[in-house]
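Below are the chains, spelled out letter by letter.
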Amino acid sequence: MADFKTLVAHCKEYGFVYQSSEIYDGLSAAYDYGPYGVELKNNIKRYWWEAMTRLHANIVGIDASIFMAPQTWKASGHVDAFNDPLVDNKQSKKRYRADQLIEGYAEKVLAKADKEVTKAKKRFGESFDEAQYRSTNARVMGYQEKADAALKRMNDALGAGDMQALYDLIVELEIADPESGSREWTDVRQFNLMFSTQLGAVAGEAGKIYLRPETAQGIFVNFLNVQKSTRQKLPFGIAQIGKAFRNEIVARQFIFRMREFEQMEMQFFVKPGTELDWYARWKATRMQWHRTLGHPESKLRFHDHENLAHYANAAVDIEFDFPFGFRELEGIHSRTDFDLAAHQELSGKKLQYFDAETQESYVPYVVETSIGCDRMFLAVMSHALQEETVPDADGKDSTRTVLKIPAPLAPVKVAVLPLLKNREELTSKAAAVFDALKLHFPCQYDEKDAIGRRYRRQDAIGTPYCVTVDFDTLEDDTVTVRDRDTLEQVRLPIAEVAAHVREQVSLEQLLAQLV
């Protein structure tokens, strides 16, 4: 896995992600997806959508409006409780999230424990038992207890909405401004994260609406519409992919935390009392979805919430090991009946399900899976970007940069390359091969530079297969097909290339592993 700076630079150089409005010095925490980035992002969304709606007969999709009645956000709790605890440093004038400062402190403490473990590994060699060392070494245990105590106090303060306790903890832990080193902090205060705008021509509170901070509420307010129009019986789910907006004060880490982002969410409606069983099932199902992409087990982990949201009775994150450490990739929450019950009360409209078996009506409970599409994009890219030493055509070793994106997600599936660009018989034949393959896959035609340099360009954008048209092709209608990952080259008749490629790049081969 490449380091973070290398990853960000690669994303720009090869057309995956650009800074928004770059010619005007850029807009903070806003990014544009380039030609290859938009293809990869669309493929990620398609994999999620098909896994949700095609593989589950009781899950259907919607696409709700970004603009919603402002009462929506009153009922959901976002108007009153969608806040981040912020603190300013008096010297640097920089603003930070108080919880992230404390989490950063805990990470530094745990890094010291990891350093002790690494030294012990070198000292004891193959006989080293890491779990036993962590549970018995006084120094390591002390670091762990120190970090755990800080996080527990932070979670207790967040749960109680106690901003003074957060401030006191920052001071007590002697947390310094990451930029200036100053420990002079203002009081911690709450800041609402919703963007507001005006609906219609008249300014004022009467026309004030919000850009949605999450996509879930569009599903909840359409619960009965979907249930009745598709004749669904419990349990059933509603899936949605869409943009959401949060006025993050401390947006950072490239596309990991942005003010405009895309969510892939599914709300699964169940009979009250069964929600924790379904919660456990969806935990396993969603982890399998991630691991099917080839991410090793060491890159993914569950992290249970200690400080539950007001709507939840159980919550867990699937965390991914990004270049900057383990961070949330997907959330799975048992939301109880909070949302439907709140909308029912404020709107005065019944949002209940009639159970034909028990002859009773009730408000269903909900199990949610919610994944950030942009974070998933970053996870795929960070794991895929690698540098390797490989043999050149002359037998000498050289370094290549390669994106080992899972083939079904790759932006370009096949590159067609004539051996030489100044021989019309080769370029016209290669063009004909390209025209035939483009009906089956996203393809690219490239004739510029030496064939080795063209291979390297395709490696850098993650193209799984390169098809080379040479002089033998003119004689026997066969081409060389090069595999991105193994570098193996096979000679195939042109008529067989599409089937050979399809076997590896089709989304169906991923979906089959989920059934």
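Now for a description of the structure that goes with this document. The structure presented is a predicted model; accordingly, all values stated were derived computationally and were not measured.

**Some words on the pattern of salt bridges**
Tallied over the full model, the rule gives 35 salt bridges. The shortest N-O distance in the salt bridge between D459 and R400 comes to 3.0 Å. On the criterion of sequence distance, the pair formed by D459 in helix α15 (residues 451–461) and R400 in strand β18 (residues 397–403) is long-range, its members being 59 residues apart. The two residues D459 and R400 agree in class, both being buried. Here R457 ties to D446 by a salt bridge, and the two come within 2.8 Å at their closest N and O atoms. Linking R457 in helix α15 with D446 in the loop between β20 (443–445) and α15, this pair joins segments that are eleven residues apart in sequence. A residue is classified by how much of its surface remains accessible, and R457, at 29% relative accessible area, is partly exposed. What makes D446 buried here is its relative accessible area of 10%. Connected through salt bridges with shared partners, the residues E388, R400, K404, R456, D459 and R482 form a single ionic network.

**Topic: the side chain of R482**
Along the chain, R482 falls in strand β22 (residues 478–483). Side chain to side chain, R482 and D459 meet in a polar contact 3.1 Å long. If we skip the residues at most four places from it in the chain, R482 touches R400, Y455, R456, D459, P464, Y465, C466, L487, E488 and Q489.

**Quick look at the packing of aromatic side chains**
In this description, an aromatic ring pair is defined by two values, namely the gap between the centres and the angle between the planes. With the rule as written, the count across this model stands at 22 aromatic pairs. With a centroid separation of 5.1 Å and 80° between ring planes, the pair formed by F4 and F324 is classed as edge-to-face. Separated by 320 residues along the polypeptide, F4 in helix α1 (residues 4–13) and F324 in the loop between β12 (314–322) and β13 (325–336) bring together distant segments of the chain. Taken together through their ring pairs, the aromatic side chains of F4, Y31, F254, F256, F320, F322 and F324 make up a single cluster. In this structure, R281 is placed above the aromatic ring of W278, and the distance from its NZ or CZ to the ring centre is 4.1 Å. Positioned above the aromatic ring of W289 is the side chain of R286, whose terminal nitrogen or guanidinium carbon lies 4.4 Å from the ring centre.

**Let's talk about the sheet that holds strand β10 (residues 260–270)**
As summarised here, the arrangement of the seven strands in space is β3-β9-β10-β16-β13-β12-β11, forming an open sheet in which the pairing is mixed. With partners counted over all chains shown, the strands left at the sheet margins are β3 (59–61) and β11 (300–304), one partner each. Adjacent strand axes in the sheet meet at a mean angle of 25° when their direction is disregarded. Relative to β13, β12 runs antiparallel, the two being bridged by nine bridges. When the sheet's bridge partners are listed, D321 is paired in β13 with F326. Strand contacts of helix α11 (residues 275–291): β3, β10, β11, β12, β13 and β16 (365–372), with the helix running at about 150° to β13, the strand carrying the most contacts. Lying over the sheet, helix α13 (residues 373–384) contacts β10, β12, β13 and β16, oriented at roughly 35° with respect to β12.

**Quick word on the nonpolar core**
Among the nonpolar cores identified, the biggest contains 60 residues, and F16, L40, I44, Y47, W48, F377 and M381 are the most heavily contacted of them. Looking at this core, the element that brings in the most residues is α13, giving eight residues. With residues up to four places along the chain from it excluded, the contact list for M381 reads L7, C11, F16, L40, L403 and I405. In this structure, L101, I102, A113 and L169 belong to the second largest nonpolar core, which totals 27 residues.

**Quick notes on the sheet that holds strand β19 (residues 414–418)**
Spatial ordering of the open sheet is given by β20-β19-β21-β22-β23, a layout of five strands whose pairing is mixed. The sheet is open, and its two borders are formed by β20 and β23 (489–493), each paired with just one other strand. The sheet shows a mean angle of 25° between the axes of neighbouring strands, direction not considered. In this structure, β19 lies alongside β20, joined through three bridges in parallel fashion. The residue bridging V414 from the neighbouring strand is C443, located in β20. Strand contacts of helix α17 (residues 494–505): β19, β21 (465–469), β22 and β23, with the helix running at about 130° to β23, the strand carrying the most contacts.

**What to know about the packing of helix α2 (residues 35–54) against α11**
Packing of α2 against α11 brings their axes to within 12 Å, and their N-to-C directions diverge by 145°. Here the hand of the crossing between α2 and α11 comes out right-handed. Here I44, Y47, W48, A51 and M52 of α2 come into contact with α11, specifically with W282, R286 and W289. Looking at the contact of α2 with α11 residue by residue, the class counts come to seven nonpolar, no polar and one charged.

**Let's talk about the environment of F326**
Within the secondary structure layout, F326 lies in strand β13. With a relative accessible area of 22%, F326 lands in the partly exposed category. Between the alpha carbons of F326 and H303 there is a distance of 9.9 Å; along the sequence they are 23 residues apart. Here F326 is in contact with S298, K299, L300, R301, E319, F320 and D321, once residues within four sequence places are set aside.

**Considerations on the side chain of T369**
For T369, the location among the structural elements is in strand β16. The class for T369 is buried, based on a relative accessible area of 1%. Those residues within four positions of T369 in sequence are excluded, and the remaining contacts are M52, M264, E265, M266, W282, R286, E330, G331 and I332.

Rules and cut-offs
- Residues numbered from 1 in each chain as written.
- Predicted model: local features only at pLDDT ≥ 70, side-chain atom pairs only at ≥ 80, totals over all residues.
- Heavy atoms only, no water.
- Salt bridge = Lys/Arg side-chain N within 4 Å of Asp/Glu carboxyl O.
- Helix = DSSP H or I, 4+ residues; strand = E, 2+ residues; numbered from the N terminus.
- Buried < 20%, exposed > 50% of the residue type's maximum accessible area, 1.4 Å probe, protein only.
- Polar contact = N/O pair within 3.5 Å; in protein donor to acceptor, adjacent residues only side chain to side chain.
- Contact = heavy atoms within 4.5 Å.
- Phe/Tyr/Trp six-rings, centres within 6.5 Å; stacked < 30°, edge-to-face > 60°.
- Lys NZ or Arg CZ within 6 Å of the ring centre and 35° of its normal.
- Pairing = 2+ DSSP bridges.
- Axes fitted to C-alpha atoms, helices over the stretch in contact; angles between N-to-C directions.
- Core = buried A, V, L, I, M, F, W, Y, C linked by side-chain atoms within 4.5 Å.
- Left-handed = near helix turned anticlockwise from the far one by under 90°.
- Nonpolar A, V, L, I, M, F, W, Y, C, P; charged D, E, K, R; others polar.

The values are spatial; any link to function lies outside them.
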